[in-house]
Amino acid sequence: MPVSLLWAVDVYGRVYSLSTAGQHWEQCHIAQTEFKRLTAAQQCCWGIACDNNIYLNLHASDLPVRYQEETYENQRWNPVDGFSEHLLPSDRWQWSDVTGLQHQPLGSFQLPSVWWEWEGNWYVDENFEGEPTEKGGWTYAMDFPATYTKDKKWNSCVRRRRWLRYRRYQAMDTWAKSSLPDPFSDISCGGWEISEEPRGQLSLWAVSLQGKVWFREGICHHNPEGSAWEEVPLPGEVVQISCGPGDLVWAVLWEGQLIVREGISRHCPRGISWAVVDSPSPEVGAIHVAVGVDVVWAVTKDNKVWFRRGVNSHNPCGSGWINMVGEMIMVNVGLNDQVWGISCQDRAVYFRQGVTSSELSGKTWKVISVPRDGDRSHSRTSSDSQQSAGCFFSGEVRAQSAVSDVESDAEGGTADGASCLLTSAPASFVEAPIVCTSDQPTDAPKPRIPKVTSDSFISELISDREPAKSSRDAGSAAPVVLEEETVPREGEFKAPCAGPALSPNQWSNVGLEEAQSQQVQPGGAPDSADTCSLSSVAAYTLAMDDLYGVDEHPVWAWVSGGGCSVDSHSQLTWFNSLIQSVQSMSLSVTPAQTAAWRRQIFEQLSERTKREMDNFRHYEQAIEQSVWVKKGTMQWWRDWKPHKWVDVHFALEQFSGPDGNKDGILFIYYNFYEEKKYLHAFINEVTILVPVLNDSKHTFAIYTPERTKQRWPIRVAAATELEMHDWLALLSMSCCDSRGIQGPPSKQAIWSITCKGDIFVSEPSPHLEALPYPTPCDQMFWRQVGGHLRIVECSSIGIVWGIGYDYTAWVYTGGYGGGFFQGMASSTDLIYTQTDVKSVYIYENQRWNPVTGYTSRGLPTDRYMWSDASGLHERTKTSTKAFSPQWTWVSEWAIDYSVSGGTDREGWQYAADFPASYHGYKTMKDFVRRRRWARKCKLTTTGPWQELPPIPLSDVTILPCADQNSVDMVPLWAISNKGDVLCRLGVTALTPGGSSWLHVGTDQPFKSISIGAASQVWAIAKDGSAFYRGSVSPKSPAGDFWSHIPSPAKQKLKQVSVGRTSVYTVDENGNLWYRQGVTPSYPQGSSWEHISNNVRKVSVGPLDQVWIIADKVQGSHSLSCGTVCHRLGVQPMEPKGQSWDYGIGGGWDHITVRGNSMEPPRICLPSLIEPSFSWSPLPVRTTEANGSAVGC
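Per an unreviewed UniProt entry, the chain is named Tectonin beta-propeller repeat-containing protein 1, and its organism is Monopterus albus. Per UniProt, the comment on the chain under Sequence similarities (unreviewed entry) is "Belongs to the TECPR1 family."

In structure tokens:
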């Protein structure tokens, strides 16, 4: 899980954050004012200060917040002036938006607030639909509005051009004040998981001091402040509001009732109406509510905690209340429906343990016991550490007690039992016994720490600090009486009681009579006391080392976990009280001692090895050859027609010879017309073992070179997924043993990924690129590596990065195994937990008829009304399952609006018939429509991958360097999921994750990027145009400018790969293009040349090797999609190659050969007659390619 923050505010108004990987609260020192309440998201935190203003703290990121302002300049042609700004009265404005309806001159654009700044001046956009325009950036049309073209024609009477200017949000990691319509008292943010909500959207709800509710419009990634406040009508006055990550919004009325916002959706994030829900207790009204994705927690005025059952997006009001154990002053629900609260007893932050998707209410409360940064160490002689958190008398802050830190509610009281009298004493007498009395009345009210309800709490606290000096200087103390411990209910937490001696790690409830300054006799009671102001408070116990100052036990007022990502599998260090002691112990161990211990352990291990191994080497082996057999029952997909699954016996016979080499044979025994037959495969001939995605069976495929050529592997199915994984691990280990492959992949390895997300590596042989007889790629052996990725990229010095389906970046740690590989098949360290989130899609199809319009009743020849993308297979919401049992659902079915071609407001796409080209608007000729539904599922596995937060990426590229050492910086470029171009700094072989991101400005979002030799950086924009980054060098790693490269005629590019001298791209129609004319003096090249079609991905290596993922490769039974192919005949004089060699497939989705810098051997054909002198009939030619010698 990525590191995230839990936010809290103490009673002094100081803001603190606690990292999920941290062990102490860190104070937010940038806060210049005291805060009352906070509400957090993962990317930002909002707060209400004591001045009732709202402040935004946007977390700093390597990815800046930029917004593109645009306006259009329009001109019309006339016979006198030509094209000029003189337009017809019926024309649009000379300066307008894209529609021409809104007047937008350059001078009308203003910065939204003081927290924004302009990046530069206005400039003309000279790119039109992926192609460069003429110098002025004009596009032409016959009239307004019409279809524009970049070429001027004889009937072009109007023209326009787009002007651009960027502004940047500069208030990062600081509290930026926002303008308000009214003073606010409560605030809550959420809504980032509203069904089909665009990425980066946020909902912000607020409550004013008058009880009004306000909604902030327009908060998104490029506008974190939002645009305007809008008042929401209410059925009554509101005191507190809570907004969940989804579409749940609850609020508390002054009368104690709760209201629920209904009708929240993508198009109406502020909802439609309110529904009233009664308080959990009819006698006691609610004072606080907190909502999550599918949960609602509430607190009533008696501090009881309640859980609302039956809450979801379809029933936001729920069905009933459940009383939970514990008493809180407030609760907060964060990500994954995790719950935090502040206890009314000790005002500590508690975490609800055991909250899972199946048990949303959790199991128990556990206190978060970590110190704050800057806390003083415990010292006996520290006389300044007895600082109080403040005493509360009837809602006011009084003078601090000279005895202890106290805090109370005027309405509280004490329980039954004996009490103890405490008196002040010098530091040398702090170990004196405590005198106990029992004259306290048994019906005294129960003491508890109060809620902070006054808006002027902080100012009162500060202003009342001065009177505390008089009582402290007088040297007198008020008598305090400790209550007897009461027995709490099961699972409930209460303040510990006081006995004859108090533990220094406990709280105590005491009754305190406010006393005047007077002398107290040692061991006796004060003579008199002014009892006009009697109040019960909570105080820290006095102990030897003064452990309970404010710095050791903070008193919290508010907590927010909206940006804290915690789940049931998270390993938190918030509850370990031994952390500090362990850390202090580790400080006493010097490096010299550690080195001595290591040497001693190494010497002992060496002696043991000599004793147990070396002394017995002269003995012969007892068994020279061993045979080991594993058998099982499985199902096999029969090779001949009719193809079907048949029950077979599956056996692996493994043997080892005298030399220790292992080999084996795989047998499949089946019956053919009551005759027993078998199919076998030698283990050393197996090239790959692939798990196959199947809805109903646990299937894997076994490839050999011959079956790779046929595109027809041996397919077998196990009864359970566990059995399949056992066989895969065993067979993979046997294959590696037979080939002598052990340990992690080499730096030269070729990496690939299947459509299922499985990761495979292959160790290339030196003859893989040899001419004229390279090693056939169907003989390459592939082994699986644990993890789950969508993209992987590597370099020849061992740096490997991957990107998951959820755009999370992962860095290879150097290990091997993981996943279902255990024991010797996996490294013991460098294996980490990896998660990935992927969406499952189904399509709802409808046909129009003149009676009822669009309905789910289609023609007999139509596709299923609920189907997959092809329409050939029926897929309904109830019948569609996750990819495998390892995947778990993490969301409900929701309409997907991010479909290529666009959708209408309800998510529909229209077409004339099935199948056809779909568009997001309805025309008179559209008789069918469809919309896509998506549901997210999550996979948790292990592998040699370490997460690299926090920026999600969509593409990454690493320089395919071949001659760098471990300390040289390796250029690495990436594209975020929003299309921003990034350059990673600090990437070396020793630190493959790098240190920080450097943002590279672009005029439009990008989708693919690649860096080649001599720091040639090429990129593809989302509109399909190509760009070259100029002046990239080690001194200027981000370069200076982008050069627009025209795309092939009528084609939109989608992917690019750059090698040593070659540049290849793939367009959206599956065509492979080669860039001609690329030279060191002109790296942009001159033109595009078509190489092949039916190409999905391309990877160009450091030696200009060309590998692709191809579709529609002919097999023995059918066409194969997703096949690894190798370009043959690539050499410096012929960089485009000659033909394709087909390898493993189908079902592959990605490959990278950018780490294979292994030079092929030079083959010289021998002469038929051996002369007496050495000569070669075919001399080796050497040419220069980008400044380096290349043999051919």
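Continuing now.
(A) Spotlight on helix α6 (residues 721-739). For α6, built from 19 residues, the straight-helix expectation of 27 Å at 1.5 Å per residue is met to within 8% by its first-to-last C-alpha distance of 27 Å. Turning to α6, its buried residues are E721, M724, H725, W727, L728, A729, L730, L731, S732, S734, C735 and C736. One or two steps after α6, the chain reaches G740, where phi turns positive at roughly 70°.

(B) Here's a closer look at the sheet that holds strand β79 (residues 1139-1142). Ordered by their spatial adjacency, 4 strands build an open sheet running β74-β75-β78-β79, and the pairing between neighbours is antiparallel. If you trace the sheet from one side to the other, it starts and ends with β74 (1095-1100) and β79, each paired once. Here the strands of the sheet are splayed against their neighbours by 30° on average, with no regard to which way each runs. Sheet topology places β74 next to strand β75 (residues 1106-1110); 5 bridges connect them, and they run antiparallel. In the strand pairing of β75, V1098 is matched with I1108.

(C) Quick look at the pairing of strand β78 (residues 1123-1128). Within β78, 6 of the 6 residues are buried, which leaves it mostly tucked inside the rest of the structure. Neither face of β78 is exposed, since T1123, C1125 and R1127 on one face and V1124, H1126 and L1128 on the opposite face are all buried. As defined by bridge partners, β75 adjoins β78 across 4 bridges and the pair is classed as antiparallel. Note that in β78 the partner of I1109 across the bridge is V1124. Bridging between β78 and β79 involves 4 bridges; their strand directions are antiparallel. Across the sheet, residue C1125 finds its bridge partner in β79, namely Y1142.

(D) Spatial organisation of the pattern of salt bridges. According to the stated counting rule, one finds 28 salt bridges in the structure shown. Measuring nitrogen to oxygen at the nearest pair gives 3.9 Å for the salt bridge that ties E892 to R935. Of this pair, E892 sits in the loop between β57 (887-889) and β58 (894-896) while R935 sits in strand β60 (residues 928-943), placing them 43 residues apart in sequence. A relative accessible area of 13% means that R935 is categorised as buried. Put simply, D1111 and R1096 hold a salt bridge, and the shortest N to O gap is 2.6 Å. Remark: R1096 occurs in strand β74 and D1111 occurs in the loop between β75 and β76 (1113-1114); sequence separation between them is 15 residues. When salt bridges with common partners are traced through the structure, they connect D10, R14 and R372 into a single cluster.

(E) Quick look at the packing of aromatic side chains. Taken as a whole, this structure holds 46 aromatic pairs when the rule is applied. Among the aromatic side chains, those forming a connected cluster through ring pairs are W636, W640, Y670, F672 and Y673. Taking the ring centre of W933 as reference, the NZ or CZ of K877 above it sits at 3.4 Å. Over the aromatic face of Y841 sits the side chain of R932, whose NZ or CZ is 3.9 Å from the ring centroid.

(F) Just the UniProt feature "domain: Peroxin/Ferlin" (unreviewed entry) in the chain, in detail. As annotated by UniProt and renumbered to match this structure, "domain: Peroxin/Ferlin" (unreviewed entry) occupies residues 64-125, 137-170, 835-896 and 907-940. Secondary structure over residues 907-940 splits into 0% helix and 47% strand, and the C-alpha atoms at its two ends are 31 Å apart.

(G) Focus on the side chain of R1096. Under the relative-accessibility criterion, R1096 is labelled buried at 17%. At a separation of 2.6 Å, a polar atom in the side chain of R1096 contacts the side chain of D1111. Polar contacts involving the side chain of R1096 include one to the side chain of D1149, which spans 3.3 Å. Discounting residues that sit within four places of it in the chain, R1096 has contacts with C755, K1054, Q1055, V1066, I1109, D1111, C1121, G1122, W1148 and D1149.

(H) Spatial organisation of the sheet that holds strand β71 (residues 1063-1067). The 4 strands are arranged β70-β71-β72-β73 in an open sheet whose pairing can be described as antiparallel. Looking along the sheet, the strands with just one partner apiece sit at the ends: β70 (1053-1058) and β73 (1087-1092). Averaged over all pairs of adjacent strands, the angle between their axes in this sheet comes to 30°, without regard to strand direction. Two elements, β71 and strand β72 (residues 1072-1076), share 3 bridges in a ladder whose sense is antiparallel. Each residue of the ladder has a partner; that of T1065, found in β72, is W1073.

Cut-offs and rules
- Residues numbered from 1 in each chain as written.
- Predicted model: local features only at pLDDT ≥ 70, side-chain atom pairs only at ≥ 80, totals over all residues.
- Heavy atoms only, no water.
- UniProt positions renumbered as here; feature names shortened; annotations may be inferred.
- Helix = DSSP H or I, 4+ residues; strand = E, 2+ residues; numbered from the N terminus.
- Expected span 1.5 Å × (residues − 1).
- Buried < 20%, exposed > 50% of the residue type's maximum accessible area, 1.4 Å probe, protein only.
- Pairing = 2+ DSSP bridges.
- Axes fitted to C-alpha atoms, helices over the stretch in contact; angles between N-to-C directions.
- Salt bridge = Lys/Arg side-chain N within 4 Å of Asp/Glu carboxyl O.
- Phe/Tyr/Trp six-rings, centres within 6.5 Å; stacked < 30°, edge-to-face > 60°.
- Lys NZ or Arg CZ within 6 Å of the ring centre and 35° of its normal.
- Polar contact = N/O pair within 3.5 Å; in protein donor to acceptor, adjacent residues only side chain to side chain.
- Contact = heavy atoms within 4.5 Å.

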